[in-house]
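An overview of the molecular structure
Okay, here's what each chain looks like letter by letter:
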There are 2 protein chains.
Amino acid sequence: MRVEKITLKKIAASLNVSISTVSKALKDSHEISDLTKKRILDYVNEVGYRPNNLAVSLQRQRTMTIGVIVPELVHHFFSRVISGAENYASHAGYKLLITMSNDEWEKERQMTDLLTNGYVDGLLVSVAKQSFEKNNFMHFSTLLDRRFPLVFFDRTPSGLNVNKVTINDVEGGYKATKHLIDKGAQRIAILTTPPHISVGADREKGYKKALLEAGYELDSNLIFHIDERASIKEQIAKLFDLNPMLDAVFAVNEKYAALTLKLAAQLNLKITDDLMVIGFTDGFISKSTTPSLSTIAQHGFEMGEKAMEILLEKIEDKSSLNTPKSVIIPTNLVERESTRKP
Amino acid sequence: MRVEKITLKKIAASLNVSISTVSKALKDSHEISDLTKKRILDYVNEVGYRPNNLAVSLQRQRTMTIGVIVPELVHHFFSRVISGAENYASHAGYKLLITMSNDEWEKERQMTDLLTNGYVDGLLVSVAKQSFEKNNFMHFSTLLDRRFPLVFFDRTPSGLNVNKVTINDVEGGYKATKHLIDKGAQRIAILTTPPHISVGADREKGYKKALLEAGYELDSNLIFHIDERASIKEQIAKLFDLNPMLDAVFAVNEKYAALTLKLAAQLNLKITDDLMVIGFTDGFISKSTTPSLSTIAQHGFEMGEKAMEILLEKIEDKSSLNTPKSVIIPTNLVERESTRKP
DNA sequence: ACATTTTACGCAAACGTTTTCGTTAATAAA
DNA sequence: TTTATTAACGAAAACGTTTGCGTAAAATGT
């Protein structure tokens, strides 16, 4: 039951050698004789020495770890991105440290601060909702000034020339809506986020574009900006209430789509005869509902991989930091039961 | 566009004062005159100095951050636990660093190593599947030897006397099964994990206990250990195939439960007349399916809070480390449509 | 007037490593 | 035998902080 921390200094003292000898022996340096190496190795194994990572990183000025900041973890999509990032990173010998901002500006700032001042070599972030609301990205712009390797994914800060990998949300929204139109829908509603969330706003743009292109009229009664602080289900119910002739819904995420489906069942609406539904994000939920949900697949895993690829490139070749890279991961439509018509 | 790192040393040089003066000024020490303080503060704000956390932590021998290792992030339950932990921690002034083991032993070992050697003051972990398979928990026992503050949640290592907060899985399994029995089910199947996963095994115990208590016979055809490396849906389909008289299913997680529901719909089985289903974990999925899922609520948020409470107690009062604490978070049955009978 | 206290700062050790550069002793080359 | 080389190790600076202690000058007390 050893309790005191065991350091190079203590090992050195115990074996009557210098600190540098121990350090070199542990890295199998040719400067140390095989005999001493063995003596040191044996002792080290016995006491179970582990180097202090803080000291190592401080000295090396490198940590081989990457920080990730996401708004929240519950989203399947973010989890997928992280998995993709982790996958790429671990093959390159990097580890991942994940934190969450809870969609709060202050926490995002705090985590950026914590991670970028020593803990990690680079940062991957998806911006918090509150940062959009406040339109405050100064914690990121100081990072850019410092030329700290930084890549954004999915939710990217407005007005900053940064590395980012996103999906084409406008196109995604367009595809989803177009699909409903092609299936013969006449009155198509959209359940989206408040306008300051770029991904929601962009999907809404795509929605409008598809409608206009097909000669439909835009109807503000059909455009619902969900306020997540209130009951989502009640807001969707209100949509149905307001629009008796509604025959299709485009929901900008899985959650809204699943709830729409549920409400439809409660109102005895037949999918797809009375109502078609299409979502966004191809997660477990979309596959497991009855009927299963048509959706726009975002390929989060690939997004994470790509983001990490760019980040590591920026880390290893600092000169590349001068030319921000922007990559768009293609989306594709996954047709399932909620829009499948004979 | 400043690029060189700015440190106390550089500030001191620029202002012709000593490093300690700068350091003390930044902490508003009474040892420094108001004039010098202002001079330093102004300069520091201008250049945007941020202390190096590695150096600070190394010196302070304290980081005010807590590490979390989870098998994976996609699980709603884990996300909830993390949120609870984060909530408690942030109120106590601690930050969270999250990593995932991918259910792999080696990665779990690596992350434990990374975090516990400098990066964090304490560790919260839910054990990887592979560690159970290998029955290898040495990376944790060395932590115990070092008296490193450590609390397990949900999936706890076998044979180690450790701090842990779990739910009573046996009781949960019992409650779920009993509920089905009370509702009149005759042939009740269980969809569970391979036996080495303790939570699955325990829920299965509760299932058996409830059956025996009610005078039912155990039927191995009704006990399915799902192998996640193969198609889950096909395995569930096989269950239905094998048991035409099946009238209730207890699934040990949301995923299996949702898939069961989906399959039932495809087989045109009426819920609840032909089949009742009950799950485990009260996440978004259970609420959003049609019919909605009855389930055993695990209260992940509370679990996270409690785990963090214990951990912080161990950190602040090292003497408490001698007496491992074990807390059980109560579960409760949430009845929804999938078992609701008139 | 001198002694004492206070103010305002600097020095240097410490946290635990890595690594460059000496230095000594043994070995090889002349 | 003398000189050059190599092998094996140690001293010390450096990474960027914090903090106890020392000290000169200024302020206060007698």
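Residues numbered from 1 in each chain as written. Chains lettered and ligands numbered in written order. Predicted model: local features only at pLDDT ≥ 70, side-chain atom pairs only at ≥ 80, totals over all residues.

Quick notes on the domain arrangement of chain A
Where the parts come together, the accessible area they lose is often given as the size of the interface. All names here are of chain A. Put simply, the test is: Reported domain spans reflect what an automatic or database domain assignment gives. By the convention adopted here, residues are in contact when the distance between their C-beta atoms, placed from the backbone, does not exceed 7 Å. Working definition: helices are DSSP H or I runs of at least four residues, strands are E runs of at least two. Numbering for both runs from the N terminus. Only Asp, Glu, Lys and Arg are considered charged, only Ala, Val, Leu, Ile, Met, Phe, Trp, Tyr, Cys and Pro nonpolar, and every remaining residue, Gly among them, polar.
Domains assigned within chain A are domain 1 (8-51), domain 2 (63-167 + 300-329) and domain 3 (169-298 + 333-339). Placing the centre of domain 2 and that of domain 3 at their C-alpha centroids yields a distance of 29 Å. With 10 residues of domain 2 at the interface, the matching set in domain 3 holds 10 residues. Elements with a minimum of two residues in the side of domain 2 that touches domain 3: helix 5 (76-91) and helix 7 (129-134). Among the elements that take part in the side of domain 2 that touches domain 3, helix 7 stands out by supplying three residues, more than any other. Considering only residue class, the side of domain 2 that touches domain 3 consists of three nonpolar, three polar and four charged.

Topic: the nonpolar core
In plain terms, the rule: For this entry, the nonpolar core is defined as buried Ala, Val, Leu, Ile, Met, Phe, Trp, Tyr and Cys residues connected by C-beta atoms within 7 Å. Here a residue counts as buried when 20 or more other C-beta atoms fall within 10 Å of its C-beta, as exposed when 12 or fewer do, and as partly exposed in between; the C-beta atoms come from the backbone.
With 96 residues, the main nonpolar core has A:L124 and B:L124 as its most contacted residues. Apart from residues lying up to four places away in sequence, A:L124 is in contact with A:I66, A:V68, A:A85, A:V151, A:F153, A:A307, A:M308 and A:L311. Judged by nonpolar contacts, the second largest core, of 74 residues, contains A:A251, A:F280, B:L180 and B:A264.

What to know about the relation of the copies chain B and chain A
What counts, and what does not: To line up the copies, we fit them by least squares on C-alpha atoms, keeping just the residues with pLDDT of at least 70 in both.
Least-squares fitting of chain B to chain A yields an RMSD of 0.1 Å, with the superposition described by an axial translation of 0.0 Å and a rotation of 180°. Accordingly, the operation relating the two chain copies is best matched by a two-fold axis. Across chain B, the smallest distance between a C-alpha and the rotation axis is recorded for B:I98, namely 2.4 Å. Interface overlap between copies: 100% of the residues of chain B at the interface are likewise at the interface in chain A, consistent with a symmetric, same-surface contact.

What to know about the protein's contact with DNA strand C
Threshold: Working rule for contacts: place C-beta from the backbone, and if it is within 6 Å of a molecule or strand, that residue counts as near it.
Taken together, the neighbourhood of DNA strand C is formed by 26 residues, with A:S20, A:A55, B:S20, B:T21 and B:S33 sitting nearest. The set of elements that each furnish at least two residues to the surface near DNA strand C consists of helix 1 (8-15), helix 2 (19-26) and helix 4 (53-60) of chain A together with helix 2 (19-26) and helix 4 (53-60) of chain B. When residues in the surface near DNA strand C are grouped by element, the largest group, five residues, is from helix 4 of chain A. Considered class by class, the residues forming the surface near DNA strand C number 10 nonpolar, 11 polar and five charged.

A word on the sheet that holds strand 9 (residues 276-280) of chain A
Within a sheet, adjacent strands bond to each other through the backbone by hydrogen bonds, running parallel or antiparallel. All names here are of chain A. Let me state the cut-off plainly: We treat two strands as partners when DSSP finds at least two bridges between them. Only C-alpha atoms enter the line fits that serve as axes; for helices the fit covers just the stretch in contact. Angles between N-to-C directions range over 0 to 180 degrees.
Judged by pairing direction, the sheet is mixed, and its six strands sit side by side in the order 7-6-8-9-10-12 without closing on themselves. The open sheet has two edge strands with one neighbour each: strand 7 (223-225) and strand 12 (332-334). Recorded for the sheet is a direction-independent mean angle of 20° between the axes of neighbouring strands. Looking at chain direction, strand 8 (residues 248-251) and strand 9 are connected through three bridges and run parallel.

What about the protein's contact with DNA strand D?
Surrounding DNA strand D, one finds 26 residues, the nearest of these being A:S20, A:T21, A:S33, B:S20 and B:A55. Those elements that provide at least two residues to the surface near DNA strand D are helix 2 and helix 4 of chain A together with helix 1 (8-15), helix 2 and helix 4 of chain B. At five residues, the largest contribution of residues to the surface near DNA strand D is made by helix 4 of chain B. Taken together, the residues of the surface near DNA strand D break down into 10 nonpolar, 11 polar and five charged.

Digging into helix 3 (residues 34-47) of chain B
Note the threshold: Between the first and last residue of a helix there are one fewer steps than residues, each counted as 1.5 Å, and that sum is the expected span.
The end-to-end C-alpha distance of helix 3 of chain B, which contains 14 residues, comes to 20 Å, matching closely the 20 Å that a straight helix rising 1.5 Å per residue would cover. Immediately beyond the C-terminal end of helix 3 of chain B, within one or two residues, lies B:G48, with a positive phi of roughly 70°.

Digging into the sheet that holds strand 9 (residues 276-280) of chain B
All names here are of chain B. Reading across from one edge, 7-6-8-9-10-12 is the order of the six strands in this open sheet, with mixed pairing throughout. Every other strand in the sheet has two partners, leaving strand 7 (223-225) and strand 12 (332-334) as the edge strands with one partner each. Across the sheet, the axes of successive neighbouring strands diverge by a mean angle of 20°, strand direction being ignored. Here strand 6 (residues 188-192) pairs with strand 7 via three bridges, running parallel. Counterpart to I190 in the pairing with strand 7 is I223. Across the face of the sheet, helix 9 (residues 169-182) comes into contact with strand 6, strand 8 (248-251), strand 9, strand 10 (294-297) and strand 12 while running at roughly 165° to strand 9.

Some remarks on the pairing of strand 5 (residues 163-167) of chain A
Residue and element names in this part refer to chain A. Counting buried positions along strand 5 yields five of five residues, so the element is predominantly enclosed. Judged by which residues are buried, strand 5 turns out to be covered on both faces: N163, V165 and I167 on one side and K164 and T166 on the other are all buried. Relative to strand 11 (residues 326-329), strand 5 runs parallel, the two sharing four bridges. Across the sheet, V165 pairs through a bridge with V327, a residue of strand 11.

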